[in-house]
Amino acid sequence: MNWIVEKPKQRIVVMTGAGISAESGIQTFRGANGLWENHRIEEVASPAAFSRDPVLVWNFYLQRRRQALSCRPNAGHLAVAELEKWIVSAGGDFLLVTQNVDGLHSRAGSGNVIEMHGSLMTSRCTACGQIFPDKRTDLELPPRHNCPEKGLLRPHIVWFGESLFPGDMERIECAIEKCDMFIVIGTSGIVYPAAGLVNFANSLEKRTVCVNKEAPANVELFDTFIRGEAGKELPQRLFPRKNREGDG
Ligand code: OAD
């Protein structure tokens with residue numbers, strides 16, 4: 001068996017997309033039954049949509065919040081969390097970058113995580129800017145913050161047309177610069193800047209691996225492509241789990 005990560009004392013960056021949560025029962029965005037098949041992106045996931053109809057946008061995100069809370073991490077999330085523990089306990093470095101907003105990686109035990117598109121479980125006040133954990137599923141809409149301005153709350157999500165949160169891209173690029181391997185799991189490779197990170201890794205001659213159910217749009221940019229479902233492939237191929245005690 002060729003493991004994707006053979007030794008723990010390394011610097012690894014993993015990036016995930018909706019595909020890793022598919023086996024937990026969370027809809028992906030594109031393709032048959034994808035979330036964007038039933039919703040026009042610009043009607044629910046853009047600043048213009050929110051100014052036009054905050055109640056519609058909140059209903060969409062509350063439905064997704066309820067769905068994420070009712071789902072559980074799968075074997076793919078758990079394998080990524082175990083990889084981090086294996087690496088960190090051997091003195092290596094690990095960063096998980098996820099485009100997912102469902103919180104399943106943290107629930108699986110991942111520690112060093114950048115949620116580059118935000119989180120369904122976090123809200124932000126449009127008046128005072130406060131960002132806070134928010135798992136409420138029953139809200140009077142549109143929700144207001146308890147700050148003096150009684151500001152309108154919004155989901156802490158990076159919408160189309162918005163930039164990533166300050167500092168995130170710098171942290172991600174810095175980790176890729178230092179890494180030995182960049183592993184990308186369950187993403188279609190068409191939404192930027194996430195899709196462009198493999199180009200950045202290649203420009204630094206890093207080893208790149210992709211695990212995906214179907215070939216992503218940028219498949220030719222990876223050194224290795226493993227076709228398969230994350231929940232099945234990762235437990236078997238990500239790292240030598242049986243030997244991890246004392247290895248390295
Ligand atoms: P997509 O829905 O575009 O792509 C999901 C990818 O996962 C596809 O390439 C599938 O082949 C693959 N896939 C499906 N099931 C899988 C499984 N069990 N194991 C492995 N791979 C599987 O989702 P993303 O690429 O994550 O952004 O989408 C990127 C961004 O576009 C999202 O973060 C979201 C969306 O619009 C925002 O909301 C800002």
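Parameters at a glance
- Residues numbered from 1 in each chain as written.
- Predicted model: local features only at pLDDT ≥ 70, side-chain atom pairs only at ≥ 80, totals over all residues.
- Heavy atoms only, no water.
- Pairing = 2+ DSSP bridges.
- Helix = DSSP H or I, 4+ residues; strand = E, 2+ residues; numbered from the N terminus.
- Axes fitted to C-alpha atoms, helices over the stretch in contact; angles between N-to-C directions.
- Near = heavy atom within 4 Å.
- Polar contact = N/O pair within 3.5 Å; in protein donor to acceptor, adjacent residues only side chain to side chain.
- Areas by Shrake-Rupley, 256 points an atom, 1.4 Å probe, with all protein chains shown as cover.
- Nonpolar A, V, L, I, M, F, W, Y, C, P; charged D, E, K, R; others polar.
- pLDDT = per-residue confidence, 0-100.
- Contact = heavy atoms within 4.5 Å.
- Domains from an automatic or database assignment.
- Buried area = accessible area lost by both parts, 1.4 Å probe.
- Salt bridge = Lys/Arg side-chain N within 4 Å of Asp/Glu carboxyl O.
- Buried < 20%, exposed > 50% of the residue type's maximum accessible area, 1.4 Å probe, protein only.

Caption draft 1: Seen up close, the sheet that holds strand β6 (residues 153–157). Spatial strand order, β5-β4-β6: three strands in an open sheet with antiparallel pairing. Every interior strand has two partners, whereas the edge strands, β5 (131–133) and β6, have only one. The sheet shows a mean angle of 45° between the axes of neighbouring strands, direction not considered. Relative to β5, strand β4 (residues 118–125) is paired through three bridges, and the arrangement is antiparallel. By the bridge assignment for β5, Arg124 is matched with Ile131.

Caption draft 2: Representation of the site of the ligand in the model. Taken together, 23 residues form the shell around the ligand, and within it Glu23, Phe29, Arg30, Thr187 and Ser188 come nearest. At 2.6 Å from an oxygen atom of the ligand is found a side-chain nitrogen or oxygen belonging to Thr187. Within the contact set of the ligand, an oxygen atom lies 2.8 Å away from a side-chain nitrogen or oxygen of Asn212. In the complex, 94% of the free accessible area of the ligand, which totals 800 Å², lies under the protein chains. Class assignment for the residues of the shell around the ligand results in eight nonpolar, 10 polar and five charged.

Caption draft 3: Structural detail: the confidence of the model for the chain. Overall, the predicted model of the chain reaches an average pLDDT of 95, with 97% of residues at or above 70. In the model of the chain, helix α2 (residues 35–38) stands out as the element of lowest mean pLDDT, 79, in contrast to strand β7 (residues 181–185), which has the highest, 99. Here residues 244–248 scores under 50 on pLDDT; set against residues more than four positions off or in separate chains, the count is seven contacts.

Caption draft 4: Just the domain arrangement of the chain, in detail. Entries for the chain in the domain assignment read domain 1 (11–26 + 73–116 + 164–237) and domain 2 (27–70 + 118–157). One C-alpha centre belongs to domain 1, the other to domain 2; they are set 25 Å apart. With 16 residues of domain 1 at the interface, the matching set in domain 2 holds 15 residues. Summed over both partners, the interface of domain 1 with domain 2 comes to about 1200 Å²; 60% of that surface belongs to carbon and sulfur atoms. Taken as a group, Ile26, Val101 and Phe165 account for 50% of the area that domain 1 buries against domain 2, more than any other trio of residues on that side. The interface formed by domain 1 and domain 2 includes zero salt bridges. Our count for the domain 1 to domain 2 interface comes out at five residue pairs in polar contact (both at pLDDT 80 or more). Those elements that place two or more of their residues in the side of domain 1 that touches domain 2 are α1 (19–22) and α7 (104–108).

Caption draft 5: View of the pairing of β4. Of all eight residues in β4, eight are buried; the element is thus mostly enclosed. Here β4 pairs with β6 via five bridges, running antiparallel. Bridge pairing links Arg124 to Arg154 in β6. Count of turn residues in the β4/β5 antiparallel hairpin: five residues, of which Gly129 carries a positive phi of about 85°.

Caption draft 6: Structural detail: unusual backbone geometry. Each neighbour pair has its own omega, and for Leu141 with Pro142 the value is -5°, a cis peptide bond. The omega torsion of the bond from Tyr192 to Pro193 falls at 10°, within 30 degrees of zero and hence cis. Structurally, Pro193 can be placed in the loop between β7 and α9 (197–203). Despite not being glycine, Glu205 shows a phi value in the positive range, around 60°. Positionally, Glu205 belongs in the loop between α9 and β8 (207–212). Residue Glu205 is classed as exposed on the basis of its relative accessible area, which comes to 73%.

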